[in-house]
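Report on the structure
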Amino acid sequence: MFFISRIDTDPAMDLAEQLAKRATQALLDEVNLTPKPGLVDQRSSGAHHDLSLDLMEASAHSLSATFYELALVSWQRQADVALRLEIGKIGRAGEQAMMNVTHGVNTHRGAIWALGLLVSSAAMLGGEYERALNITQGAATMASIGDPMQPQSFSKGKCASQRYRIPGAKEQAQLGFPAIINRGLPQLHLSRQHGANESQARVDALLSMMSSLTDTCVLSRGGTDALSAMQRAASLVLDAGGMATIHGQTRFDQLEQIMLTHYISPGGSADLLSATLLLDGLTPTPLTNPN
Ligand SMILES: CC(C)(COP(=O)(O)OP(=O)(O)OC[C@H]1O[C@@H](n2cnc3c(N)ncnc32)[C@H](O)[C@@H]1O)[C@@H](O)C(=O)NCCC(=O)NCCS
Ligand SMILES: Nc1ncnc2c1ncn2[C@@H]1O[C@H](COP(=O)(O)OP(=O)(O)OP(=O)(O)O)[C@@H](O)[C@H]1O
C-alpha cells in the first residue's frame, strides 16, 4: 500500500509569493525597458548621476521580501487604521532595506509606495479581482487612511507639491491611480492592438503618463517650465504614431534631448509604469474598447 504524503499549501502564502514575484518582475521589466527618456535603462543612467542598471536591479530584488510581507499581512483584511498602520510600518522598513542595499540612494521610493499599496489591495481581495479598477480602488482607500505613525520628515516630493501646489505621489494613490487607469493601461493595450511590439507598447504607455503627470521628480529638478516642455514633447511622440513609427521615433529623440538639456527624469511615471505592468499581468483584460 502506498501513502501519498500531502503538504497543505496556505493560500495566503501562495498569493503573497506570487504577488511579490510579479511586483519584483515589474520593477525589473521597467528598468530594463529601453529606450526610456532621462531614466536608467540598458543604454545609460539617463539624467541620474547616482543610479545604474545594476543598482536598480539589486534594489528591485531587495524589495521582494517587502512585497511578500505586505501581501501576507493584508490577506482578506478590511481597509482600516489597524491595517494602514501595519502596511505603513512594512513600507518604511522596505524603504530602509532599499537604502541599505543602495547605500543611501533613492532608487525605488515611489515604486514601493505605488506597488506596495496595489499588492496589499490585491491580497485584501484574496486574489479575487477581475479588473484593474478593483485593485486600484482598494489601494486608494488604504492611501486615504491617515497613518498616525507617519514621520514628518522632509522630502523633495512633498516640497515640490507644496511649492507648486500640485498633486504628487500620495495624491495619485489617493485618487486611485488615474494616471494608470486613464493613461498607462489604455495606451499599453491600444499600442499592442495597433501592432506595436511589446517594448514599443510599454514605452508608449510611459509616454502617455509623462504627457500629463505632475511628476515631482521633474518639478524639483527643473520647475514648471521643464515639466511643461516634457509633457508637450511626450505627447508629440504619441501624436506622431508612437514608438512603432519612424515619425514617433524622431519625436522621441527630440524628447530625449529636452530631458538631457533640462537634466530631468520622469521618476514618477517610471514608478507608475511598473505599477501598470503589474496590473496588466494580474488583470489582462484590455481597458480599451477595440470598436
Ligand atoms: C508617499 C511617498 C512616496 C512619499 O512621497 P513624497 O512625495 O513625500 O516623497 P519623495 O519625493 O521622496 O518620493 C516621491 C516618489 O514618488 C514618485 N512620484 C513623483 N511624482 C509622482 C506623481 N505625481 N505620481 C506618482 N508618483 C510620483 C517619484 O518617483 C518619487 O520617487 C512614500 O514614500 C511614503 O509616504 N511612504 C510611507 C510608507 C507607507 O505608508 N507605505 C505604505 C504602502 S507601502
Ligand atoms: N528606471 C528608472 N530610472 C530612474 N529613476 C527611476 C526609474 N524607475 C523608477 N525611478 C524613480 O525615480 C526616483 C528617483 O528620482 P530622483 O532622482 O528625482 O530622486 P532623488 O534621488 O530624490 O532626487 P535627485 O536625484 O534629484 O537628487 C526613484 O525614487 C524611483 O522611484
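Residues numbered from 1 in each chain as written. Chains lettered and ligands numbered in written order. Predicted model: local features only at pLDDT ≥ 70, side-chain atom pairs only at ≥ 80, totals over all residues. Heavy atoms only, no water.

Some words on the site of ligand 1
In the vicinity of ligand 1 lie 29 residues, with Glu95, Arg109, Ser155, Gly157 and Asp271 positioned nearest. Within the contact set of ligand 1, an oxygen atom lies 3.5 Å away from a side-chain nitrogen or oxygen of Gln150. In the complex, 92% of the free accessible area of ligand 1, which totals 910 Å², lies under the protein chains. Going through the elements one at a time, α4 (81–102), α5 (109–124), α7 (156–164), α8 (169–174), α11 (216–239) and α13 (267–282) are the ones with two or more residues in the shell around ligand 1. The element best represented in the shell around ligand 1 is α4, accounting for six residues. (Near = heavy atom within 4 Å. Polar contact = N/O pair within 3.5 Å; in protein donor to acceptor, adjacent residues only side chain to side chain. Areas by Shrake-Rupley, 256 points an atom, 1.4 Å probe, with all protein chains shown as cover. Helix = DSSP H or I, 4+ residues; strand = E, 2+ residues; numbered from the N terminus.)

Regarding the packing of helix α3 (residues 64–74) against α4
The geometry of α3 relative to α4 is characterised by a closest axis approach of 9 Å and an angle of 170° between their N-to-C directions. Between α3 and α4, the angle falls in the class roughly antiparallel. Between α3 and α4, the residues in contact are Thr66, Glu69, Leu70, Val73 and Ser74 and Leu83, Glu86, Ile87, Ile90, Gly91 and Gly94, respectively. Looking at side-chain class alone, the contact of α3 with α4 contains five nonpolar, four polar and two charged residues. (Axes fitted to C-alpha atoms, helices over the stretch in contact; angles between N-to-C directions. Parallel < 35°, antiparallel > 145°, perpendicular 65-115°, else oblique. Contact = heavy atoms within 4.5 Å. Nonpolar A, V, L, I, M, F, W, Y, C, P; charged D, E, K, R; others polar.)

Things to note about the nonpolar core
The biggest cluster of nonpolar side chains holds 78 residues, and the ones touching the most others in it are Leu19, Phe67, Leu115, Leu207 and Leu255. Counting residues in each nonpolar core, the second largest holds six residues, with Val31, Val40, Leu51 and Met56 among its members. (Core = buried A, V, L, I, M, F, W, Y, C linked by side-chain atoms within 4.5 Å. Buried < 20%, exposed > 50% of the residue type's maximum accessible area, 1.4 Å probe, protein only.)

Regarding the environment of Leu236
Inspection of the secondary structure puts Leu236 in helix α11. Separated by 26 residues in the primary sequence, Leu236 and His262 place their C-alpha atoms 18 Å from one another.

Let's talk about the site of ligand 2
Contacts to ligand 2 come from 20 residues, most closely from Glu30, Asn106, Thr107, Lys156 and Asp271. Contacts to ligand 2 include Glu30, whose side-chain N or O atom sits 2.9 Å from a nitrogen atom. A total of 630 Å² of accessible area belongs to ligand 2 in isolation, and the protein chains cover 89% of it. For the shell around ligand 2, the elements supplying multiple residues, two or more each, are α1 (11–32), α5, α11 and α13. Of the residues assigned to the shell around ligand 2, the class counts are eight nonpolar, six polar and six charged.

Overview of the state of the cysteines
Considering all chains together, one arrives at zero disulfides under this definition. Left unpaired, Cys159 is separated from the closest cysteine sulfur, that of Cys217, by 13 Å. Relative accessible area serves as the criterion here: at 37%, Cys159 is assigned to the partly exposed category. With relative accessibility at 33%, the residue Cys217 sits in the partly exposed group. (Disulfide = S-S within 2.5 Å.)

Considerations on the side chain of Ser120
Among the structural elements, Ser120 can be located in helix α5. On the basis of relative accessible area, Ser120 is assigned to the buried category, the value being 0%. Excluding anything up to four places from it in sequence, Ser120 contacts Leu70, Ser74 and Ile87.

What about unusual backbone geometry?
For the peptide bond that leads from Thr34 to Pro35, omega is 0°, which places it in the cis range. Considering the arrangement of structural elements, one finds Pro35 in the loop between α1 and α2 (53–62). Of note in the backbone geometry, Arg165 takes a positive phi value of approximately 55° without being a glycine. Position of Arg165 relative to the elements: it lies in the loop between α7 and α8. Classification of Arg165 as exposed rests on a relative accessible area of 76%. You will see that Phe177, though not glycine, has its phi angle at about 55°, which is positive. Note on Phe177: relative accessible area 1%, which makes it buried.

Examining the pattern of salt bridges
As enumerated under the stated definition, the model contains eleven salt bridges in all. Its salt-bridge partner being Glu30, residue Lys36 comes within 3.6 Å of it at the nearest N-O pair. A relative accessible area of 1% means that Lys36 is categorised as buried. On the basis of relative accessible area, Glu30 is assigned to the buried category, the value being 5%. Close ionic contact of Asp280 with Arg192 constitutes a salt bridge, the shortest N to O distance being 2.8 Å. Of this pair, Asp280 sits in helix α13 while Arg192 is found in helix α9 (residues 178–193), placing the two residues 88 residues apart along the sequence. Given a relative accessible area of 11%, Asp280 falls into the buried group. What emerges from the salt-bridge pattern is a single network uniting Asp29, Arg192, Glu198, Arg202 and Asp280. (Salt bridge = Lys/Arg side-chain N within 4 Å of Asp/Glu carboxyl O.)

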